[in-house]
Each structure stands twice: as C-alpha cells, then as structure tokens.
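One-letter residues, chain by chain:
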Amino acid sequence: MKQSRMKPVLPTFSEKELTVRKMFDRIAPRYDLLNRLITFGLDTKWRKKTVKHINTHPGEKILDVACGTGDLCNSLRKAGMKAIGMDFSRGMLKSFNSNAPLINGDALKIPIHDSSVDGVTCGFALRNFLDINLFLNEVARILKPGSRVALLEVDEPGNRYMKMGHSFYFNKIVPFIGGLFSDKAAYSYLPRSVVYLPKEDEIIKMIERSGLSNVKKFRLTGGIAQLLVAEKPKA
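Residues numbered from 1 in each chain as written. Predicted model: local features only at pLDDT ≥ 70, side-chain atom pairs only at ≥ 80, totals over all residues. Heavy atoms only, no water.

> I'd love a proper account of the overall build of the chain, names of residues and values included.
Helix and strand counts for the chain come out as nine helices and seven strands. Relative to a compact globule of 235 residues, whose C-alpha radius of gyration would be 18 Å, the chain shows 17 Å and is just as compact. Across its three principal axes, the chain shows a C-alpha extent of roughly 70 × 40 × 35 Å. Within the chain, residue pairs in contact and separated by at least 24 positions form 67% of the contacts whose partners lie at least 6 positions apart. With an accessible surface of roughly 12,500 Å², the chain has 55% of that area assigned to carbon and sulfur atoms. (Helix = DSSP H or I, 4+ residues; strand = E, 2+ residues; numbered from the N terminus. Rg over C-alpha atoms; globule rule 2.2 N^0.38 Å. Contact = heavy atoms within 4.5 Å. Areas by Shrake-Rupley, 256 points an atom, 1.4 Å probe, with all protein chains shown as cover.)

This is the structure:
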C-alpha cells in the first residue's frame, strides 16, 4: 500500500524564528534568481511602486527591513534615497548586492533611535515575523513624524478563477521551480506561510493601532500582491 505524502508542516511558534533564519541562510545565493523566475520579473515592478509610494525626497534616509540581498535597497538608491538594509539572516547579508550600509538585526527590536528615519520599507517579510504587532510598533517608533512606511506582500486575488490559478501556481509550481534551482523545502514553506498573514481588515486595524494613520492598500497585478502604505502623524 502506498503511503500518502505528508505536506511540510509549518514550524511551531517556538521554532519559527530559527527555522526561518536557517531557511533564508540556505536560499540566499539564488534568492534573486528565484524571485525573477517565480514572479516573471513582476517583483521588480512591485518594488518600483513601493519606492514611489514611500514619497520622500532625494537624500532622505530609508530603512529597508528584511532587506534580503538588497533589491529594494537598490531601487531606493536609484531614486536618490539613502537606503539602509537590515536583516536577521547572515546568509542574506553575505549575498547582499547593494552598496547600502547594513545592519544585522531583529525587526522586532530595531536598533535605531526614535523618530530618526524618513521612511521604512519591507518586502515580502510580514508573514515571517513572530509578531507583526511588535514590528509595526517599532516602525511607528523609528519613523519621523509625517513620514511613511510601505509594506509589500503577497496577496490572494478576489476573482474566483484567478484565485484558483494563483493557488495552483503558488502551491504546486513554485515549490517545483524552487526544487530545481534552490531548496524545495523552503519554496514549499513560503507559499504555505501565507496563513500567517492577517486578513485585510485585521492588518489595517493593526497598522492603525500601532499609531500610524492614512492606511491605504493597493492591489498589484490582479491581487496576487499587495502594497500597504501608512504614515506617522505629524506632531
């Protein structure tokens, strides 16, 4: 009798931080390549939109949390901003491909002074944090009054047929591609980790409870990705 294959189990709360850190350390060398392949290059357009909505002036200081190998930092620098990258994965920082200064740090305890940055960006990392509320509180703490945060994440299309196609691609094809070019276990975890993301209404309320305001959500490419933008009220 054939035994059914078990789907990879998501890590428990106590295991998540170490599991995710080791996973990103492993996939760092080919992380950029897989991003381009899996999204058909759309991730580049999404990052440009993120930079546009951070709405700062050239020369201002932007912290990119969970910077990975530096794609978003490069986009910020091309727009004339002073990007600073921060990630808790040393493997990602070793594969960093930007000239931006780096911090090896925890998104839940950002080692930056209060009201000291002109903007914060974060790409595809919310679902990997142990506590999204703590992260949002840290963002509100370090932002200067009147400045913005732009959070880029995956999403689920509203259209039923797009939703079905996206689910098949995300849960079947992405792990297959990941296994060919990098780490199948990691690229099986990443689609399933969407369960860690709060629903739309809930995440907006979480952002507002952190002290940020004017929260806006932009659906990207038919709803397969999302951009959440908010600002710290002026004093």
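> Requested: an account of the pattern of salt bridges, with residues and values cited.
Under the counting rule described, the total for this entry stands at 15 salt bridges. Among the ionic pairs, E153 bridges to R127, the shortest N-O distance being 2.7 Å. Of this pair, E153 sits in strand 5 (residues 143-154) while R127 sits in the loop between strand 4 (117-123) and helix 6 (132-142); the two residues are 26 residues apart in sequence, bridging distant segments of the chain. Assigned by exposure class, E153 and R127 land together as buried. Between R219 and E200 there is a salt bridge, and its shortest N-O distance comes to 2.4 Å. (Salt bridge = Lys/Arg side-chain N within 4 Å of Asp/Glu carboxyl O. Buried < 20%, exposed > 50% of the residue type's maximum accessible area, 1.4 Å probe, protein only.)

> Which residues make up the layout of surface pockets, and what are the values?
Here the largest pocket defines a volume of roughly 600 Å³. When residues of the lining of the largest pocket are traced back to their parent elements, those giving at least two are helix 7 (160-181), helix 8 (184-192), helix 9 (200-209), strand 6 (213-220) and strand 7 (225-231). A class-by-class count of the residues in the lining of the largest pocket yields 11 nonpolar, six polar and eight charged. (1 Å grid on protein atoms, 1.4 Å probe; cavity = no way out; pocket = protein on both sides within 12 Å on 5 of 7 lines; lining within 4 Å. Points joined across faces, edges and corners; volume = space filled by probe spheres on them. Nonpolar A, V, L, I, M, F, W, Y, C, P; charged D, E, K, R; others polar.)

> Outline the side chain of D118, supporting the account with residue identities and numerical values.
Here D118 shows up in strand 4. Polar side-chain contacts of D118 include one of 3.1 Å to the side chain of K144. When sequence neighbours within four positions are dropped, the list of residues in contact with D118 reads T56, E60, K61, I62, L143, K144, S147 and R148. (Polar contact = N/O pair within 3.5 Å; in protein donor to acceptor, adjacent residues only side chain to side chain.)

> Lay out the sheet that holds strand 7 in plain terms, naming residues and giving numbers.
Here seven strands make up an open sheet; going across it, the order is 3-2-1-4-5-7-6 and the pairing mixed. Each edge of the open sheet carries a strand with a single partner, namely strand 3 (102-104) and strand 6. Direction aside, the axes of adjacent strands within the sheet are offset by 15° on average. Relative to strand 4, strand 1 (residues 61-65) is paired through four bridges, and the arrangement is parallel. Counted as the bridge partner of D64 is T121 from strand 4. Across the sheet, helix 9 touches strand 5, strand 6 and strand 7, and the angle it forms with strand 6 is around 145°. (Pairing = 2+ DSSP bridges. Axes fitted to C-alpha atoms, helices over the stretch in contact; angles between N-to-C directions.)

> Quick rundown of the packing of aromatic side chains? Include the residues and the values.
Within the structure shown, the criterion is met by four aromatic pairs. Centre to centre, the rings of W46 and F124 are 6.1 Å apart; their planes meet at 55°, and the pair counts as tilted. Of the two residues, W46 is situated in helix 3 (residues 42-54) and F124 in the loop between strand 4 and helix 6; the sequence distance between them amounts to 78 residues. A single burial state applies to W46 and to F124, both of which are buried. Sitting above the plane of the Y196 ring, K16 keeps its charged end 3.5 Å from the centroid. (Phe/Tyr/Trp six-rings, centres within 6.5 Å; stacked < 30°, edge-to-face > 60°. Lys NZ or Arg CZ within 6 Å of the ring centre and 35° of its normal.)

Treat this as a map of the structure, not an account of what it does.
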